[in-house]
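These are the residues of each chain, in order.
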Amino acid sequence: MDGNLSPLVILCVALLPNDLLLSSAAFLEPFDLLYDTAVHAFYSSDYESVVRYMEGALSSHREARRTRVRCRLRCQDQHPFDETFSDLRFFDGVLRRAACMNACIEAKLGIQSVHKVSDEVTQDFNRRIPYNYLQLAYQKLKQPEKAAAAAHTYFQANPEHVEMGQHLEQYKDLQGVEENQFVDQEARPHQQSFTEAVKLYDRGDHEGAVTLFEDALVEYYKADVDCRALCQGPQKFEGHSHIRYRYSLHEVVSDHFTQVLHCEHECVRDLATRPGRLSPMENYLPLHYDYLQFAYFKVNMLEEALQCALTYLLFHEGDEFMTDNVDYYREVLGYDGSPREEPERYLTRHRLELELLLMGSKIMGVDFTEGNYWSSTGGRDDSNRIPSGTDGWMEYVPISEKNNITVIVSQQLKEGGPLLYDSVQLVQNSAALNGTQRVLLDQVISEEKCAELRNLAHAVTMAGDGYRGRMSPHTPNEKFEGATVLKTLQYGYEGRVPMSSARLFYDTSEQVRRIVESYFMLNTTLHFSYTHLVCRTAITGQQDHRNDLSHPIHADNCLLDPDANECWKEPPAYTYRDYSALLYLNGDFDGGEFIFTEMDAKTVTASIKPKCGRLVGFSSGGENPHGVKAVTGGQRCAVALWFTLDPLYRELERLQADEVIQALDTKSVWGHGLNINPKDEL
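My aim in this report is to walk through the structure given alongside it, one point at a time. Values in this document were obtained by computation on a predicted structure and should not be read as measured data. (Residues numbered from 1 in each chain as written. Predicted model: local features only at pLDDT ≥ 70, side-chain atom pairs only at ≥ 80, totals over all residues. Heavy atoms only, no water.)

1. Some points on the overall build of the protein
Here is step 1: Scanning the protein for helices and strands turns up 19 helices and 16 strands.
Here is step 2: When the 682 residues of the protein are sorted by exposure, 50% land in the buried category.
Here is step 3: Considering only intrachain contacts with a sequence separation of at least 6, the fraction spanning at least 24 residues in the protein is 76%.
Here is step 4: For the protein, the exposed area adds up to about 32400 Å²; of that, 50% sits on carbon and sulfur atoms. (Helix = DSSP H or I, 4+ residues; strand = E, 2+ residues; numbered from the N terminus. Buried < 20%, exposed > 50% of the residue type's maximum accessible area, 1.4 Å probe, protein only. Contact = heavy atoms within 4.5 Å. Areas by Shrake-Rupley, 256 points an atom, 1.4 Å probe, with all protein chains shown as cover.)

2. Comments concerning the pattern of salt bridges
Here is step 1: All chains considered together, the criterion is met by 23 salt bridges.
Here is step 2: Two residues, Glu266 and Arg269, come together in a salt bridge whose shortest N-O distance is 3.9 Å.
Here is step 3: For Arg513, the salt bridge goes to Glu517, with nearest N and O atoms at 3.1 Å. You can see Arg513 and its partner Glu517 sitting in helix α18 (residues 499-519), 4 residues apart, about one turn around the helix.
Here is step 4: For Arg513, a relative accessible area of 12% translates into the label buried. (Salt bridge = Lys/Arg side-chain N within 4 Å of Asp/Glu carboxyl O.)

3. Some thoughts on empty space enclosed by the protein
Here is step 1: A complete count under the given rule lists 6 cavities of 30 Å³ or more for this structure.
Here is step 2: Taken as a whole, the second largest cavity encloses approximately 60 Å³ of empty space.
Here is step 3: Tyr220, Val268, Arg269, Ala272, Pro280, Met281, Tyr284, Leu285, Tyr373 and Trp374 together form the lining of the second largest cavity.
Here is step 4: Sorting the residues of the lining of the second largest cavity by element identifies α11 (267-271) and α12 (284-298) as the ones contributing at least two each. (1 Å grid on protein atoms, 1.4 Å probe; cavity = no way out; pocket = protein on both sides within 12 Å on 5 of 7 lines; lining within 4 Å. Points joined across faces, edges and corners; volume = space filled by probe spheres on them.)

4. Brief notes about the state of the cysteines
Here is step 1: Following the criterion strictly, the structure yields 7 disulfides and no others.
Here is step 2: The residue that forms a disulfide with Cys71 is Cys104, at a sulfur-sulfur distance of 2.0 Å. Across the disulfide from Cys71 to Cys104, rotation about the S-S bond amounts to roughly -70°, and the bridge is consequently left-handed. Here Cys71, found in helix α2 (residues 47-78), pairs with Cys104, found in helix α3 (residues 87-109); they are 33 residues apart in sequence, far enough to count as distant.
Here is step 3: Residue Cys71 is classed as buried on the basis of its relative accessible area of 0%.
Here is step 4: The side chain of Cys535 participates in a disulfide bridge whose partner is Cys637; the two sulfur atoms lie 2.1 Å from each other. Handedness of the Cys535-Cys637 disulfide follows from its S-S torsion of about 110°: it is right-handed. (Disulfide = S-S within 2.5 Å.)

5. Notes on the packing of aromatic side chains
Here is step 1: Scanning all chains against the criterion turns up 29 aromatic pairs.
Here is step 2: Centre to centre, the rings of Phe294 and Phe297 are 5.8 Å apart; their planes meet at 35°, and the pair counts as tilted. Of the two residues, Phe294 and Phe297 both sit in helix α12, 3 residues apart, roughly one turn of that helix.
Here is step 3: A ring pair is formed by Tyr530 and Trp642, whose centres lie 6.0 Å apart and whose planes are at 20°; its orientation type is stacked. Placement of the pair is Tyr530 in strand β5 (residues 527-538) and Trp642 in strand β16 (residues 635-644), with a sequence separation of 112 residues. Residue Tyr530 shares its accessibility class with Trp642, and that shared class is buried.
Here is step 4: The structure contains a cluster of three or more aromatic residues connected by ring pairs, namely Phe194, Tyr201, Phe213, Tyr220, Tyr221, Tyr284, Tyr291, Phe294, Phe297, Tyr328, Tyr329 and Tyr346.
Here is step 5: The ring of Phe182 carries Lys172 above its face, with NZ or CZ at 5.8 Å from the centroid. (Phe/Tyr/Trp six-rings, centres within 6.5 Å; stacked < 30°, edge-to-face > 60°. Lys NZ or Arg CZ within 6 Å of the ring centre and 35° of its normal.)

6. Observations concerning the side chain of Ser518
Here is step 1: Mapping Ser518 onto the fold places it in helix α18.
Here is step 2: In contact with Ser518, other than residues within four places in its own chain, are Gly417, Pro418 and Leu420.

7. Topic: the packing of helix α1 (residues 31-43) against helix α5 (residues 129-140)
Here is step 1: Contact pair α1 / α5: the axes reach a minimum separation of 11 Å and the direction vectors enclose 35°. Both α1 and α5 take part in a crossing whose hand is left-handed. Contacts from Tyr35, Val39, Phe42 and Tyr43 in α1 reach Ile129, Pro130, Tyr133 and Leu136 in α5.
Here is step 2: Considering only residue class, the contact of α1 with α5 consists of 8 nonpolar, no polar and no charged. (Axes fitted to C-alpha atoms, helices over the stretch in contact; angles between N-to-C directions. Left-handed = near helix turned anticlockwise from the far one by under 90°. Nonpolar A, V, L, I, M, F, W, Y, C, P; charged D, E, K, R; others polar.)

8. Examining the environment of Thr508
Here is step 1: Among the secondary structure elements, Thr508 is positioned in helix α18.
Here is step 2: Taking the C-alpha atoms as reference points, Thr508 and Val639, 131 residues apart in sequence, are found 9.0 Å from one another.
Here is step 3: Sequence-distant contacts of Thr508, that is, excluding residues within four places in its chain, are made with Ile445, Leu453 and Leu583.
Here is step 4: Among the polar contacts listed, one links the side chain of Thr508 to the backbone oxygen of Leu504, at a separation of 2.7 Å. (Polar contact = N/O pair within 3.5 Å; in protein donor to acceptor, adjacent residues only side chain to side chain.)

9. Observations regarding a nonpolar patch on the surface
Here is step 1: Together, Leu249, Val253, Phe257, Leu352, Leu356, Met359 and Ile363 line one region of the surface with nonpolar side chains, adding up to about 640 Å² of accessible area.
Here is step 2: Broken down by element, the residue count for the nonpolar patch peaks at 4 residues, all from helix α15 (residues 341-364).
Here is step 3: Structurally, the position occupied by Leu249 is in helix α10 (residues 249-265). (Patch = residues over 30% accessible without salt bridge, like charges linked within 9 Å, V, L, I, M, F, W, Y side chains within 5 Å.)

10. Quick look at the pairing of strand β13 (residues 615-619)
Here is step 1: Counted residue by residue, β13 has 5 buried out of 5 residues, so it is predominantly covered.
Here is step 2: In β13, alternate side chains face the same way, and those of Leu615, Gly617 and Ser619 on one face and Val616 and Phe618 on the other are all buried.
Here is step 3: Note: strand β2 (residues 438-442) against β13, 4 bridges, orientation antiparallel. When the sheet's bridge partners are listed, Arg438 is paired in β13 with Phe618.
Here is step 4: Direction of pairing for strand β9 (residues 579-584) relative to β13: antiparallel, over a ladder of 5 bridges. Across the sheet, the residue bridging to Ala581 is Gly617, located in β13. (Pairing = 2+ DSSP bridges.)

11. Section: the packing of helix α17 (residues 485-493) against α18
Here is step 1: For the pair α17 and α18, interaxial distance at closest approach is 8 Å and the crossing angle is 160°. Relative to α18, the element α17 lies roughly antiparallel. Note that α17 runs across α18; the crossing there is left-handed. On α18, the residues that touch Val485, Thr488, Leu489, Gly492 and Tyr493 of α17 are Met499, Ala502, Arg503, Phe505, Tyr506 and Ser509.
Here is step 2: Within the contact of α17 with α18, the residues separate by chemical class into 7 nonpolar, 3 polar and 1 charged. (Parallel < 35°, antiparallel > 145°, perpendicular 65-115°, else oblique.)

12. Overview of the sheet that holds strand β6 (residues 551-554)
Here is step 1: The strand order across the open sheet built from 4 strands is β6-β14-β11-β12, with neighbouring strands paired in antiparallel fashion. Of all the strands in the sheet, the pair left with one neighbour each is β6 and β12 (604-608). Averaged over all neighbouring strand pairs, the angle between strand axes comes to 15°, with direction disregarded.
Here is step 2: Bridge analysis of β6 against strand β14 (residues 626-628) gives 2 bridges, and the strand direction is antiparallel. Residue His554 lies in a different strand from β14, and its bridge partner there is His626.

13. Some details on the environment of Ala601
Here is step 1: Take Ala601: it is sitting in the loop between β11 (594-597) and β12.
Here is step 2: Judged by relative accessible area, which is 3%, Ala601 ranks as buried.
Here is step 3: Along the primary structure Ala601 and Pro552 are separated by 49 residues, whereas in three dimensions their C-alpha atoms are 8.9 Å apart.

Right, here's the structure in full:
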C-alpha cells in the first residue's frame, strides 16, 4: 500500500473550487419540463407561452450540454492521473474526477439523480421538433421572419419534409422576410465553415477558401473535444443489467470503459454527419487537407500546400494522386516538409483506440468492426490538379459494416396466394402499386364490424397510448389515440365495453394475419409483433396551411436514409418486423391518404384512400417506404399490425391475449386481472 497517498475525500464539496459552490437559485430549469409546458401551451392555443417556453427549452438544452462539457474537461485538468501508477492512485483520480464532475454539473443543473430526461424528449431535440412548434407559433403570432428562421432550422435536419420545404418557399415570398433571416440556429460551426469554404473554392476565391477551411479545422477539433466529453455520461448495457450482473471490478470497469471508448471513437462519424442524416459525408476530415493543399498551391504558398498534402497521406497512405502532388511540391521547393502535428496525434490516438476497442469488445463478448471512416473519393483530374472531393463532397456514403436491406432476394418473393375469405376482393397487386410485396384488398370486414370497432376505439383508446404517452408523436396538428388487443380484453373483462367487441378486435387481427400470410405465400408461420387500434384526429384551428405529414415517410424495420438511398437495418428500428398491414375502419375524413414512395422519401409511387374494410399489406423493409398525408378534418381510424417470421419476437401481449381467449372459450376462471405492457409503434 502506498503510504504517501492522501486520504480519499468522500464529500464532493471539499473537492470543488469556490466558484462552483453556487446556490440552488442558480439551477438551470430542466429543458424537458420547459418543452412539455410549451407543448401543452400549443394545444391551448397560447402561442405567446409556446414561444416563451420553447425558446427557454432550447436555451436550457444548449446550456446543459455546455455545462457537461465544461465540467468534465475542467475536472480532467484539475485531477490528472499520477504518473507513478498504482491501483489506489488510479482510483483516487477516478473518484476525485467523479466527485468534481457531479458537483460541478449539479451546481448548474441540480441533483442529477433526481431528474432524468427521457429518451423520447432527447430524440425530439435531436430531430429539432421544438422548431416545428416554434414556426407554427410564430406564424400564429404574425411574426413571419421568426417563423421562417424556425422553419429553416427544422428543415435542415428534416430535408425529406416536402411540405416544410414548400412552406419555406412561401415565407420567402412574404413581405418583410429577408433572405438573411433563413438561418440555421443549430448549425455546427465546423460544418458551416466547411460548407462556406467549398462555395468560395468553387467560385475560384482560393484565398478566402483557405481562411474558412482553416477555421473549419479549428472548429472540428474543438467539436471533437466536446463530443468526447459528452461520451463520459451513463452508458446502456445491452442484454444485461449493469446493476445486477456479478462481474469482477476489472470486468465492470472494462465493460463501461469499452462503451465509453466506442462512443468517443464514433465522434469521427458524428462530426461528419449533418443533422437529420444517417450517413456521414464521405472522406470528411481528410478532404479539408485535400482542398487546402490545392488552394494553397493556387495562392502560391507551396510550403503550406506540401504540409497539407503530406497530412492527407496520413489518412490515405500511398494515394497515387496526392503522392504525385507531394513529389511536385518537393521538386519546386527543393526541400521536404512534414505533416501537421494535430492530425498526426489525432490519428495515433484513433489507432490506439481501435486496439483497445478490439480487446474490450472481446472481453465483453461482442463483435466490433472498425467503421470505414475515411473512404477514398476516387480519382483526380491530374492535369488540373483538382482535389478528389471537389465533385460530390456532399454525397453520403454508407458505412460498409452496416446491413443494407434494400434489396430482397428475388427467389424469396412470392404473392398471389388464396385470400381465404369469400368476401375479400383483390384491388391491386405489387405491379399495380408500382412496388414490391404490396397488396390492396377490399371488403375484409363489413360496415357493421367497422362501426363496432370504431365504437370500441372511442371507448378504449387513450391519447398517446402506444406512442410512449405522447399525444402527438408525429405532428402537433393531430391527436393520436390507441389501444392494444389485451387492453380491450381487460376492458371487456371489467364490463366497460362489450366483450363481443373486444373479441371482434382479436378475431379481426387474426383474420388479417392469415390473409397476409396466405397472399404472400409464406412458407413459415407469421407471428404478431404488435397490434394497435389507433385513431388520429385533426385538431380544430390548426389545419390552416398544414405543412407536414400525419406520419412522416419511413420504413418499418430499418432506418430510412434518403440521402444515401439506403435503409439501415439497425436499432432503434424494429429490425425483426417482416410484414406490415393496415385495416381501415372509415373514410369519412379529409386527407389521410396512405402513400408509398421511392427511397428518396419524396417520389410517391402509390396513394391509397382509406375506407371501411380496406386493407393494405406489404413487406416491412426499405423496399416499401411509406407515410400518411395530413388528416385535415375529422378522425381516421385503423387497425395497424406488424408481423415477424421469428418466433423469438412474438408479441408478449398477444400471447397473453391468446391465453385469455382460451380461458373464455373453455370458461376457465380468470386470474388476478390482466397485465398491460404496451409497446410502441414505429
